[in-house]
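# Structural characterization, general
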Amino acid sequence: MNIIRLPGLIDIHVHLRDPGATHKEDFYSGTCAALAGGVTTVFDMPNKGYDVINQQELENKIGIATQKAVCDWGLYLGTDGENISNFENLADKVVGLKIYLTSTTGHVLLPEELLPQVFEKWPKTKVIVCHIEGEKTGLVLDLAAKYKNKIHVTHVSTKKQLEQIIDVKKNNLNITCDVTPHHLFLTQDDILGLKGFGMVKPPLSTKSDTDFLWGHLKEIDCIVTDHAPHTMEEKISDNPPTGLPGLETMLPLLLTTYHQGILGIEDIIRLTNTNPQKIFGYKQDDGSYVEVDMDEEWMVKNEDLKTKCGWSQFNGWKMKGRVRRVFIRGTKAFEDGKILVDQGFGKNIVK
Ligand code: NCD
Ligand code: ZN
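Reading the values: the criteria
Residues numbered from 1 in each chain as written. Chains lettered and ligands numbered in written order. Predicted model: local features only at pLDDT ≥ 70, side-chain atom pairs only at ≥ 80, totals over all residues. Heavy atoms only, no water. 1 Å grid on protein atoms, 1.4 Å probe; cavity = no way out; pocket = protein on both sides within 12 Å on 5 of 7 lines; lining within 4 Å. Points joined across faces, edges and corners; volume = space filled by probe spheres on them. Nonpolar A, V, L, I, M, F, W, Y, C, P; charged D, E, K, R; others polar. Helix = DSSP H or I, 4+ residues; strand = E, 2+ residues; numbered from the N terminus. Buried < 20%, exposed > 50% of the residue type's maximum accessible area, 1.4 Å probe, protein only. Pairing = 2+ DSSP bridges. Axes fitted to C-alpha atoms, helices over the stretch in contact; angles between N-to-C directions. Parallel < 35°, antiparallel > 145°, perpendicular 65-115°, else oblique. Left-handed = near helix turned anticlockwise from the far one by under 90°. Contact = heavy atoms within 4.5 Å. pLDDT = per-residue confidence, 0-100. Salt bridge = Lys/Arg side-chain N within 4 Å of Asp/Glu carboxyl O.

## Concerning empty space enclosed by the protein
- In this structure the tally under the stated criterion is two cavities of 30 Å³ or more.
- Estimates place the volume of the second largest cavity at around 40 Å³.
- Lining the second largest cavity, in full, are His-227, Pro-245, Gly-246, Leu-247, Glu-248, Thr-249, Leu-305, Thr-307 and Ser-312.
- For the lining of the second largest cavity, the class distribution of residues is three nonpolar, five polar and one charged.

## Things to note about unusual backbone geometry
- That bond from Asp-18 to Pro-19 is cis: its omega, 5°, falls within 30 degrees of zero.
- Mapped onto the elements, Pro-19 comes out in the loop between strand 2 (9-14) and helix 1 (27-36).
- For the bond from Lys-201 to Pro-202, the omega torsion is -15°, close enough to zero to count as cis.
- Mapping Pro-202 onto the fold places it in the loop between helix 8 (191-194) and helix 9 (207-215).
- One non-glycine residue, Arg-17, lies in positive phi territory at about 65°.
- When you line up the elements, Arg-17 lands in the loop between strand 2 and helix 1.
- Overall, Arg-17 belongs to the buried group, its relative accessible area being 4%.
- In this model, His-155 sits at a positive phi of 35°, which is unusual for a non-glycine residue.
- Mapped onto the elements, His-155 comes out in the loop between strand 7 (150-153) and helix 6 (159-169).

## Some words on the pairing of strand 11 (residues 318-328)
- Among the 11 residues that make up strand 11, eight are buried, leaving the element largely enclosed by the rest of the structure.
- The sheet contact formed by strand 10 (residues 289-299) and strand 11 spans eight bridges and is antiparallel. Residue Asp-293 lies in a different strand from strand 11, and its bridge partner there is Arg-322.
- In this structure, strand 11 lies alongside strand 12 (residues 331-335), joined through four bridges in antiparallel fashion. Paired with Phe-327 across the two strands is Lys-332, which belongs to strand 12.
- Linkage of strand 11 to strand 12, two consecutive antiparallel strands, is achieved through a turn of two residues, within which Arg-329 is found at a positive phi near 45°.

## As for the packing of helix 5 (residues 136-147) against helix 6
- For the pair helix 5 and helix 6, interaxial distance at closest approach is 10 Å and the crossing angle is 15°. Considering the angle they form, helix 5 stands roughly parallel to helix 6. Seen along the crossing, helix 5 lies across helix 6 with a hand that is right-handed. Taken together, the residues of helix 6 that come into contact with helix 5 (itself represented by Thr-137, Gly-138 and Leu-141) are Gln-161, Gln-164, Ile-165 and Val-168.

## With respect to the pairing of strand 10
- Sheet analysis places strand 1 (residues 3-7) next to strand 10, joined by five bridges and oriented antiparallel. Paired with Pro-7 across the two strands is Tyr-289, which belongs to strand 10.

## Regarding the sheet that holds strand 5 (residues 96-100)
- Taken together, the eight strands give an open sheet; going across it, the order is 2-3-4-5-6-7-8-9, and neighbouring strands pair in parallel fashion. Strands at the two margins of the open sheet, each flanked by one partner only, are strand 2 and strand 9 (222-223).
- Packing of helix 12 (residues 265-280) onto the sheet brings it into contact with strand 2, strand 3 (39-44), strand 4 (72-78), strand 6 (127-131), strand 7, strand 8 (175-179) and strand 9, and relative to strand 2 it is tilted by some 65°.

## Quick word on the confidence of the model for the protein
- Residue-level pLDDT values for the protein average 95, and 97% of them are 70 or greater.
- Confidence, read as mean pLDDT per element, is least for helix 5 in the protein (90) and greatest for helix 1 (99).

## Describing the pattern of salt bridges
- If you walk through the whole model with that rule in mind, you get 17 salt bridges.
- With a closest N to O distance of 3.5 Å, Glu-112 and Lys-136 form a salt bridge. Residue Glu-112 is found in the loop between strand 5 and helix 4 (115-121), and its partner Lys-136 is found in helix 5; the two are separated by 24 residues along the sequence.
- The buried category is assigned to Lys-136, whose relative accessible area is 18%.
- Lys-170 serves as the salt-bridge partner of Asp-167, at 3.5 Å between the closest nitrogen and oxygen.
- Note on Asp-167: relative accessible area 46%, which makes it partly exposed.
- Where salt bridges share partners, they join Glu-291, Arg-325, Lys-332 and Glu-335 into one cluster.

Written out as C-alpha cells, the structure reads:
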C-alpha cells in the first residue's frame, strides 16, 4: 500500500442528464460516479433533451442538484441566441456559458451569425466553453480575440485543432483548452471493437492525432471527462447516440500513465485541479481531496461502476492506482466503494 493525497479533481465538463434523461444518469448517480473517480467538483452542461437557457429552467435544475448531488457542483447556461438579452441576469448563477456550433446529443445549436452578439454580451470575466469541430475553430478564435472573451475550447481532438489553438495562445492569454481521456487513450482503430461504445463527438481520432495530443500536453490546460452516459440498449441499437461516460476512469487512467513514466503527479494536479480553478476563478476548499493507493492494481468492470449507464469504454482495462477515500470540505464522503454522505451534501459553488 502506498497512499498519497491529491487535491480533489475538478471536472469542468459533465452531462448528468438531470432533468430530461434521468434513465441515463441523474444528479445522485452521476455525482456518486464522480466521488468514485476522485472528482470533488463537477460543472454540468446545459443539454438534457432541452437546453437550460432561461431563468426558470436554471432554477429548476439548481433545485434538483441541491437535493441530489453528493459532490460539489456548478452549472453552465446554454444559448440558442434567443436569451442573449438575459445574459446579464443569468450569468451570476452559472460557472460559464456553453456554446455548440456543431450538432450533438439533445440540445440547441447557436446559429453562427449570432456568435458576435453572444461574444459581445457575455461578461468578459466569465468563461465561454465552446464545442467546435473542424473549420469553425478559426472563426471562434478570431472573434474571441476581437471581443476579448475568455474562451475555453473543450475536447480538442485533432492535431490541426490543437495547432490552431497553440498558435493563438501565443498572443491571447484568454484562450484555454482541454482534452478528454477517450481522445488520449483510444483511437479510431478501437471503434471496430467498441462499435456504439466508441461513438462520441468529436469522434475518436487517428493515432497520429492522439500522438500529437500526448506530445503537446504541456500546452493543454485541463483534462475533462465529457461524461455523457447513454444506456446499453441505446448504445447497441442501430443508431447509437454519441457520448461516453468517464468520471470513474479518468484518474485511474492518469495514475496508470504515471507508473508508465508518461505523466508526473504535478501534471495530473495541473490538468485536473490547478488550471480548472485558475480558468474559472474558483477556489476549491482545501478540505476537498482524494487519497489514492498508488500501488493497487485492479480491473475496470462494468458491473462495479456507479454510473447509471453501467458500462465503460474501458471495461476490462487494467489500472494501477485506485481511489480509496474522498473528502469534501473536510468530510469523508467516499471510502472503498461506499458513498458516506447523504443526497444533497454537495454544494453549488456559485453563491
Ligand atoms: C454529449 C452528450 O451525449 O450529451 N455527447 C458527446 O458525444 N460528447 C454531448 C456533447 O457534449 O457533445
Ligand atoms: Zn459534452
